[in-house]
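# Structure assessment
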Protein chains: 2
Amino acid sequence: MQDTVKVAVDAMGGDNAPLEIVKGAVEAVNEREELHLFLVGNKGKIEAELAKYQFRQEQIEIVSATEEISCDEAPVMAIRKKKDSSIVVALNLVKEGKADAFVSAGSSGAILVGGQLIIGRIKGIERPPLAPLIPTLKGVSLLIDCGANVDARPSHLVQFAQMGSIYMENILGISKPKVAIVNIGAEEAKGNALVKETYPLLKECQEINFIGSIEARDIPYGEADVIVSEAFVGNVILKLSEGLSSALVSAIKDGMMSTTRSKMGALLVKPALKETLKKFDATEYGGAPLLGLQGLVVKVHGSSKSKEVKNALIQCIQFKKQGINDKIKENIIKKKEETMN
Amino acid sequence: MQDTVKVAVDAMGGDNAPLEIVKGAVEAVNEREELHLFLVGNKGKIEAELAKYQFRQEQIEIVSATEEISCDEAPVMAIRKKKDSSIVVALNLVKEGKADAFVSAGSSGAILVGGQLIIGRIKGIERPPLAPLIPTLKGVSLLIDCGANVDARPSHLVQFAQMGSIYMENILGISKPKVAIVNIGAEEAKGNALVKETYPLLKECQEINFIGSIEARDIPYGEADVIVSEAFVGNVILKLSEGLSSALVSAIKDGMMSTTRSKMGALLVKPALKETLKKFDATEYGGAPLLGLQGLVVKVHGSSKSKEVKNALIQCIQFKKQGINDKIKENIIKKKEETMN
């Protein structure tokens, strides 16, 4: 079938592997006929999980990998040594063109390092950013970069802005996505050295709709579609959003259970509250793509349940259909070469 | 009176000046007899506000200042040119020893620059950090630095950790406060160049109870009492916490108003919910001190109401009584000199 999208899935990665990974894979193929999945990992364990479900057998293939990379291992060493780990075997399927994409809930470090070492960057892309969607009052924003690229340079951030724009326009269907850089004030003169150097470059950049600085306070209000920052700050934004939302929700729930009166009220507000909190639930939005590689790599949360895995797999279809990597090559790399000539 | 604590108050700073500032000042003197306040600003306006209240006249003195510094002005220029602004006049009262402390809801930049240029740093302190208390599930943590000290060096962060410890131990009464550095992973090897260089220095530091890295996700759970970071990241944490809390609360309130059933429930949960959200309300915790100056400078939120102003003024009493600056001199500067000799 011409439209088949082949995805290598790390069946052993994450807190709930292989159970939730296999379940998510089955849910995905049952929803989308064009998916073909390679479940990579311990054959016996995967078979035992698959035996629980009904699905079209031709859509799921098991690929054996006898090793696993844990989150505690040094990524570079793990990728180099564990040639038969689920991550390395799956990444090789992408490298060899047998799969279009790789999805994993495993070690972020190993996925980032493996993506670069095994699949490799698109020629001209300086660094591949990890770009999750974060919930806002208006919908979602792309936070780019939350990966392991510490101590970034201005030219990296410009490419992040360009790739983020292409992603939001083509995957989320947002026309002229608003791009902003994370800063500690709205004025152009504010910021650290990196932001001050990057700001004028983004302003000059023709291909993006740059709206200036965004203060962290405005991020949850959805003031920008693409939020550019170096990875350390991006990681802090992502993790703090997760931690604060869950802390606040648990405090509110505890508060509601504190009196008889509020307990009665809690029963009545529960359905509406659930609906609200669902919007602020990151699992709704699939995984975070690692952009700029010669193939798609999607990192899903270590604690992912089947729903997040399924959503990440379905996201891969859109990524391939829209030819995101071709657009990155055309819009960023070609233009860069033109400017240099 | 020996115990008198004299505070110069910027009556013209912030969104609600002079109304809420004067109101907060009156509330503070009515609560604490040892306070003596200088309300600095437009004499006529301050008198008009004061006329609304009952208080012991000898506790409040008006000091005239004919100029104001707005938040849009370049701080260094404003401090140098506007010699008769409420900020400059008030800071001079501290410099001349007429006041122990300065409290303002005005331009952060001007307060930070003015504090350093007019009052000056304690000898040996490299940079004065702005250190607000942020609400957590366990109480509060001190987030140090959220100021304007961008592109910090490791030695700065070590002093922040030391000053923050002294503050939490003496003002909040926390014995051996847990100190952590904001990082993107728990392992010592993780982080950007600044964190990697600072980590071993904090580990060696005898005077503090260093517990290692803290991921942003764990900050709202109160895992550390003193949270060390450079100002850019600190500012992002502070602003994102504020923005996300208010966005989430407004989404929850809207959600509760969405159906008749949930509206009824909302009435019942309201009192309990209010109590919970109060704990996550930054105004409960007074202002943010600018530590390491030869006098106390406290920045309160631009949108402060009287309650925050009052709390910040009362905080100044504790600061003086505990001799925080003497402790900073003794524990940080003396030890530093000893090590160098």
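For the structure, check the block above.
Now for a look at the structure at hand. Worth saying up front: this structure is predicted, and the values here are computed from it rather than measured. (Residues numbered from 1 in each chain as written. Chains lettered and ligands numbered in written order. Predicted model: local features only at pLDDT ≥ 70, side-chain atom pairs only at ≥ 80, totals over all residues. Heavy atoms only, no water.)

### Observations concerning the packing of helix α8 (residues 231-256) of chain A against helix α8 (residues 231-256) of chain B
Orientation of α8 of chain A relative to α8 of chain B, taken along the N-to-C sense of each, is 40°, at an axis distance of 9 Å. One way to sum up the angle between α8 of chain A and α8 of chain B is to call them oblique. In terms of crossing hand, the pair formed by α8 of chain A and α8 of chain B is right-handed. Here α8 of chain A contributes Phe232, Val233, Val236, Ile237, Leu240, Ser241, Leu244, Ser245, Leu248, Ile252 and Met256 of chain A to the contact with α8 of chain B, which in turn contributes Phe232, Val233, Val236, Ile237, Leu240, Ser241, Leu244, Ser245, Leu248, Ile252 and Met256 of chain B. (Axes fitted to C-alpha atoms, helices over the stretch in contact; angles between N-to-C directions. Helix = DSSP H or I, 4+ residues; strand = E, 2+ residues; numbered from the N terminus. Parallel < 35°, antiparallel > 145°, perpendicular 65-115°, else oblique. Left-handed = near helix turned anticlockwise from the far one by under 90°. Contact = heavy atoms within 4.5 Å.)

### Let's talk about unusual backbone geometry
Residue and element names in this part refer to chain A. Between Ala17 and Pro18 the backbone carries a cis peptide bond, its omega angle lying at -5°. Considering the arrangement of structural elements, one finds Pro18 in the loop between β1 (5-10) and α1 (19-31). A positive phi angle is found at Lys176, which is not glycine, with a value near 45°. The residue Lys176 is located in the loop between α6 (154-170) and β7 (178-183) in this model. Given the relative accessible area of 61%, Lys176 is considered exposed. (Buried < 20%, exposed > 50% of the residue type's maximum accessible area, 1.4 Å probe, protein only.)

### Examining the environment of Glu68 of chain A
Residues and elements named next belong to chain A. In this fold, Glu68 is placed in the loop between β3 (60-64) and α3 (75-81). Glu68 gets classed as partly exposed once you look at its relative accessible area, which sits at 40%. Between the C-alpha atom of Glu68 and that of Glu49, which follows or precedes it by 19 residues, the distance is 18 Å. Glu68 has contacts with Met12, Glu73, Lys82 and Ser85, leaving out every residue within four places of it along the chain.

### As for the sheet that holds strand β4 (residues 101-104) of chain B
Note: strands within a sheet are paired through backbone hydrogen bonds, in either parallel or antiparallel orientation. Residue and element names in this part refer to chain B. Spatial strand order, β3-β2-β1-β4-β11-β10: six strands in an open sheet with mixed pairing. Strand pairing shows two members of the sheet lacking a second neighbour, β3 (60-64) and β10 (288-290), which therefore form its edges. In this sheet, adjacent strand axes meet at a mean angle of 25° when their direction is disregarded. Note: strand β2 (residues 35-41) against β3, five bridges, orientation parallel. Looking at the pairing, Leu39 lines up with Ile62 of β3. (Pairing = 2+ DSSP bridges.)

### Description of the relation of the copies chain B and chain A
A rotation about some axis, followed by a shift along it, carries one copy of the chain onto the other. Overlaying chain B with chain A gives an RMSD of 0.1 Å, the required rotation being 180° about an axis along which the chain moves by 0.0 Å. Taken together, the rotation and translation describe the operation of a two-fold axis. Residue Gly265 of chain B, judged by its C-alpha, is the member of chain B lying nearest the rotation axis, at 2.0 Å. The overlap is high: 100% of the interface residues of chain B also sit at the interface in chain A, so the same surface is used on both sides. (Least-squares fit on C-alpha atoms with pLDDT ≥ 70 in both.)

### Things to note about the pattern of salt bridges
Across all of its chains, the model carries 22 salt bridges over all chains by this definition. A salt bridge links Lys239 of chain A to Glu215 of chain B; its shortest N-O distance comes to 2.6 Å. Residue Lys239 of chain A is found in helix α8, and its partner Glu215 of chain B is found in strand β8 (residues 209-215); the two belong to separate chains. When sorted by exposure, Lys239 of chain A lands in the same class as Glu215 of chain B, which is buried. Each of Glu215 and Arg217 of chain A together with Lys239 and Glu242 of chain B takes part in one network of salt bridges that share partners. (Salt bridge = Lys/Arg side-chain N within 4 Å of Asp/Glu carboxyl O.)

### Points about the side chain of Gln162 of chain B
Residue and element names in this part refer to chain B. In this fold, Gln162 is placed in helix α6 (residues 154-170). Here Gln162 falls in the buried class, since its relative accessible area comes to 11%. For Gln162, the residues in contact, after removing those within four places along its chain, are Cys205, Glu207, Ile208 and Ile332.

### Some points on the side chain of Ser306 of chain A
Residues and elements named next belong to chain A. For Ser306, the position within the fold is in helix α10 (residues 306-321). A polar contact is formed between the side chain of Ser306 and the side chain of Glu27, at a distance of 3.2 Å. Apart from the residues within four sequence positions on either side, Ser306 is in contact with Glu20, Lys23, Gly24 and Glu27. (Polar contact = N/O pair within 3.5 Å; in protein donor to acceptor, adjacent residues only side chain to side chain.)

### Describing the sheet that holds strand β5 (residues 133-136) of chain B
Residue and element names in this part refer to chain B. Judged by pairing direction, the sheet is mixed, and its five strands sit side by side in the order β5-β6-β9-β7-β8 without closing on themselves. The sheet is open, and its two borders are formed by β5 and β8, each paired with just one other strand. With direction set aside, neighbouring strand axes in the sheet form an average angle of 30°. As defined by bridge partners, β5 adjoins strand β6 (residues 139-144) across four bridges and the pair is classed as antiparallel. In the sheet register, Leu133 faces β6, and the bridge partner there is Leu142. In this fold α6 packs onto β5, β6, β7 (178-183) and β9 (226-228), with an angle of close to 150° to the strand it touches most, β6.

### Some remarks on the pairing of β7 of chain B
All names here are of chain B. Across the six residues that make up β7, a large majority, five, are buried. Alignment of β7 against β8, held across six bridges, turns out to be parallel. Across the sheet, residue Val182 finds its bridge partner in β8, namely Ile214. Read as a crossover between parallel neighbours, the route from β7 over helix α7 (residues 193-204) to β8 is right-handed. (Right-handed = clockwise from strand over helix to strand, strands pointing away.)

### Some remarks on the interface of chain B and chain A
Opposite the 52 residues of chain B that make contact, chain A presents 52 residues. Taking both partners together, chain B and chain A bury about 4,800 Å²; carbon and sulfur atoms supply 75% of that area. Of all residues in chain B, the largest losses of buried area upon contact with chain A belong to Ile184, Phe232 and Leu240 of chain B, amounting jointly to 14% of the total for that side. In this structure, the connection of chain B to chain A is made through four salt bridges. Linking Arg217 of chain A and Glu242 of chain B is a salt bridge whose minimum nitrogen-to-oxygen distance equals 3.3 Å. If you list the elements that add at least two residues to the side of chain B that touches chain A, you get β7, α7, α8 and α9 (260-279) of chain B. Looking at which element gives the most residues to the side of chain B that touches chain A, the answer is α8 of chain B, with 20 residues. For the side of chain B that touches chain A, the residue count by class is 31 nonpolar, 15 polar and six charged. (Buried area = accessible area lost by both parts, 1.4 Å probe. Nonpolar A, V, L, I, M, F, W, Y, C, P; charged D, E, K, R; others polar.)

### Overview of the environment of Leu202 of chain A
Residue and element names in this part refer to chain A. With respect to the helices and strands, Leu202 occurs in helix α7 (residues 193-204). In this structure the C-alpha to C-alpha distance between Leu202 and Gln159, which are 43 residues apart in sequence, comes to 9.5 Å. Contact partners of Leu202, with chain neighbours within four places excluded, come to Leu157, Val158, Ala161, Ile181, Ile208 and Phe210.

### Some points on helix α10 (residues 306-321) of chain B
Residue pairs three or four apart in sequence face the same way in an α-helix, which turns once every 3.6 residues. All names here are of chain B. Given a rise of 1.5 Å per residue, 16 residues ought to cover 22 Å, and the 23 Å separating the end C-alpha atoms of α10 matches this to within 8%. Those residues of α10 not exposed but buried are Ser306, Glu308, Val309, Lys310, Asn311, Ala312, Leu313, Ile314, Gln315, Cys316, Ile317 and Phe319. Looking one or two residues beyond α10, the residue adopting positive phi is Gly323, at roughly 55°. (Expected span 1.5 Å × (residues − 1).)

### Structural notes on the nonpolar core
The tendency in soluble globular proteins is for nonpolar side chains to be buried side by side. Val7 and Leu313 of chain A together with Val7 and Leu313 of chain B are the most contacted members of the largest nonpolar core, which totals 162 residues. Ignoring sequence-local partners within four residues, the contact set of Val7 of chain B consists of Leu35, His36, Leu37, Phe38, Ala99, Ala101, Phe102, Val103, Leu313 and Cys316 of chain B. (Core = buried A, V, L, I, M, F, W, Y, C linked by side-chain atoms within 4.5 Å.)

### Notes on the packing of aromatic side chains
All names here are of chain A. Taken as a whole, this structure holds four aromatic pairs over all chains when the rule is applied. Aromatic pair Tyr167 and Phe319: ring centres 6.3 Å apart, planes at 50°, arrangement tilted. Here Phe319 lies in helix α10 and Tyr167 lies in helix α6, a separation of 152 residues in the sequence. Considered together, Tyr167 and Phe319 belong to a single accessibility category, that of buried residues. (Phe/Tyr/Trp six-rings, centres within 6.5 Å; stacked < 30°, edge-to-face > 60°.)

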